[in-house]
Amino acid sequence: MPRKYSNLESYQVLSDIRALALQEQSLIVDLLEYLYEVDVRKLYAPLAYSSLFEFGVKELGFTRAQSYERTRAVAAMKQIPEVRERIRAGELSLTNAALLKRAIDAEERALGSKVDAHFKAALVAAALGATKREFQGKLDEVLTSPESRAAMRERVLHRSATRTALQFEIDVATETKMKRARELVDAPTLEELFDRALDSLIEAEEVKRRYRSGGGKKNDRDRRIEEKEDGTLVAPSHDLVAGHHEGPESSTKEIPIKQKSLVSRYIPAKYRMLIAKRSGAQCEYIDPGTMRRCSSRSHLQIDHKMPLAMGGTTTLENLRHLCGTHNRLEAVNARLGINLKG
Ligand SMILES: [Zn+2]
């Protein structure tokens with residue numbers, strides 16, 4: 001029923017607005033609690049959304065700024081129980097809860113490790129009852145710039161005219177790559193491994209540049225990707241033959257894709273390229289209900305449709321791109337024996 005706000009008595013305007021403000025607060029708390037459940041239960045994933053943020057924008061019609069703020073606030077609630085109580089009590093604004101979470105994330109990225117409870121408590125205390133501007137001012141005091149911290153973690157020490165020492169931190173994923181690289185190449189020391197990694201990188205980048213500038217076209221026939229009738233893409237057949245070597249022009253460092261790789265978790269670079277071409281570098285998960293495809297292009301991982309443990313192979317037909325969210329969802333489904341894969 002439309003109301004004539006201009007006809008209201010002034011005392012009524014004041015009492016109504018107080019009541020509405022209270023309702024708004026309890027509505028926001030409810031909204032966050034429901035978002036929290038959607039997040040914890042990952043209810044957005046089967047609907048082909050890669051994140052709670054995307055769910056907020058596309059399913060609930062939030063603006064991007066609203067969805068960002070609300071999902072950050074939910075993340076803060078998950079990480080710090082006190083945040084939930086303070087929001088509920090009206091002492092912590094959504095904006096400050098979101099800022100707080102962003103500050104913690106930035107700090108953890110810079111540190112490369114989790115912040116402690118003391119740090120979190122200090123941030124919550126600074127956020128309580130503060131306006132956004134006041135809180136931001138306090139944050140600047142608490143935090144030095146994350147960039148300068150990151151720079152402090154990397155050191156280049158010139159020991160002598162010919163020797164330099166490097167010191168930097170790597171995460172688990174990089175360490176795993178390092179171990180794998182060490183298994184594959186003959187590099188008894190880290191120095192040799194690093195040197196060879198740089199060689200490969202430089203070589204790969206120079207080849208890319210040559211291709212971009214129009215050189216090196218004579219190998220196009222060899223590099224052509226074959227398309228089968230069903231639309232799947234396959235590498236040229238000679239790539240699949242173990243130990244096959246091309247003519248003297250070909251690089252001796254090129255590793256052919258061996259038959260052995262069919263049961264290996266290792267996915268050759270050539271396959272990665274073909275899979276990216278086929279998927280358009282986009283998650284290939286499809287909501288079985290609406291047939292809507294996930295639009296995520298971030299954190300793409302290559303997934304075995306039929307897991308190796310269940311007899312799947314490392315073949316192009318059995319591989320696809322999934323974003324982090326859908327990779328985890330499918331892993332859970334596989335464990336539960338749910339097969340939604342086409
Ligand atoms: Zn996805």
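Overview of the structure. Note that the coordinates shown come from a computational prediction; the quantities given were computed from them, not determined experimentally.

Rules of the game
Residues numbered from 1 in each chain as written. Predicted model: local features only at pLDDT ≥ 70, side-chain atom pairs only at ≥ 80, totals over all residues. Heavy atoms only, no water. Helix = DSSP H or I, 4+ residues; strand = E, 2+ residues; numbered from the N terminus. Buried < 20%, exposed > 50% of the residue type's maximum accessible area, 1.4 Å probe, protein only. Contact = heavy atoms within 4.5 Å. Areas by Shrake-Rupley, 256 points an atom, 1.4 Å probe, with all protein chains shown as cover. Salt bridge = Lys/Arg side-chain N within 4 Å of Asp/Glu carboxyl O. Axes fitted to C-alpha atoms, helices over the stretch in contact; angles between N-to-C directions. Parallel < 35°, antiparallel > 145°, perpendicular 65-115°, else oblique. Nonpolar A, V, L, I, M, F, W, Y, C, P; charged D, E, K, R; others polar. Donors = N, O, S within 2.8 Å, 3.2 Å for Na, K, Ca; no water. Tetrahedral: all angles 85-135°; square planar, octahedral: opposite > 155°, others 65-115°.

A word on the overall build of the protein. Looking only at helices and strands, the protein features 13 helices and six strands. Taken across its 342 residues, the protein has 30% of its residues classed as buried. Once local pairs closer than 6 in sequence are excluded, the contacts in the protein between residues at least 24 apart make up 52%. Total accessible area on the protein stands at roughly 22900 Å², and carbon and sulfur atoms take up 55% of it.

This brings us to the pattern of salt bridges. According to the stated counting rule, one finds 15 salt bridges in the structure shown. The salt bridge involving Arg84 is made with Glu33; its shortest N-O contact spans 2.7 Å. Of this pair, Arg84 sits in helix H4 (residues 81-88) while Glu33 sits in helix H1 (residues 10-40), and the two are 51 residues apart along the sequence. With a relative accessible area of 17%, Glu33 lands in the buried category. Arg86 is paired through a salt bridge with Glu91; the nearest N and O atoms lie 2.8 Å apart. By relative accessible area, which is 25% here, Arg86 ends up partly exposed. When salt bridges with common partners are traced through the structure, they connect Glu33, Arg84 and Arg88 into a single cluster.

This part covers the packing of H1 against helix H3 (residues 64-79). At their nearest, the axes of H1 and H3 sit 10 Å apart, and the two run at 75 degrees to each other. By the criterion of interaxial angle, the relationship of H1 to H3 is roughly perpendicular. Contacts between H1 and H3 pair Leu31, Leu32, Glu33, Leu35, Tyr36 and Asp39 from the former with Arg70, Ala73, Val74, Met77 and Lys78 from the latter. For the contact of H1 with H3, the per-class residue count stands at seven nonpolar, no polar and four charged.

Let's shift gears to the coordination of the zinc ion. In an ideal octahedron of six donors the angles at the metal are 90 or 180 degrees, and in an ideal tetrahedron of four donors they are 109.5 degrees. Protein coordination of the zinc ion is provided by Cys283 (SG), Cys294 (SG), Cys323 (SG) and His326 (ND1), with donor distances spanning 2.0 to 2.4 Å. Each of the four donor atoms bound to the zinc ion contributes to angles spanning 98 to 118 degrees, and the resulting shape is tetrahedral. Mapping the donors of the zinc ion onto the primary sequence yields the spacing C-x10-C-x28-C-x2-H. Residue Cys294 is located in the loop between helix H12 (269-279) and strand E5 (301-304), and its partner Cys323 is located in the loop between strand E6 (319-322) and helix H13 (324-336); the two are separated by 29 residues in the primary sequence. Each of the two residues, Cys294 as well as Cys323, counts as buried.

Next up on the list: the environment of Leu316. Along the chain, the position of Leu316 falls in the loop between E5 and E6. Using a relative accessible area of 5% as the deciding quantity, one classes Leu316 as buried. Residues Leu316 and Ile275 lie 41 residues apart in sequence; the distance between their C-alpha atoms is 7.3 Å.

Here Ala281, not a glycine, exhibits a phi torsion of approximately 50 degrees, which is positive. Structurally, Ala281 is set in the loop between H12 and E5. Overall, the relative accessible area of 32% leaves Ala281 in the partly exposed class.

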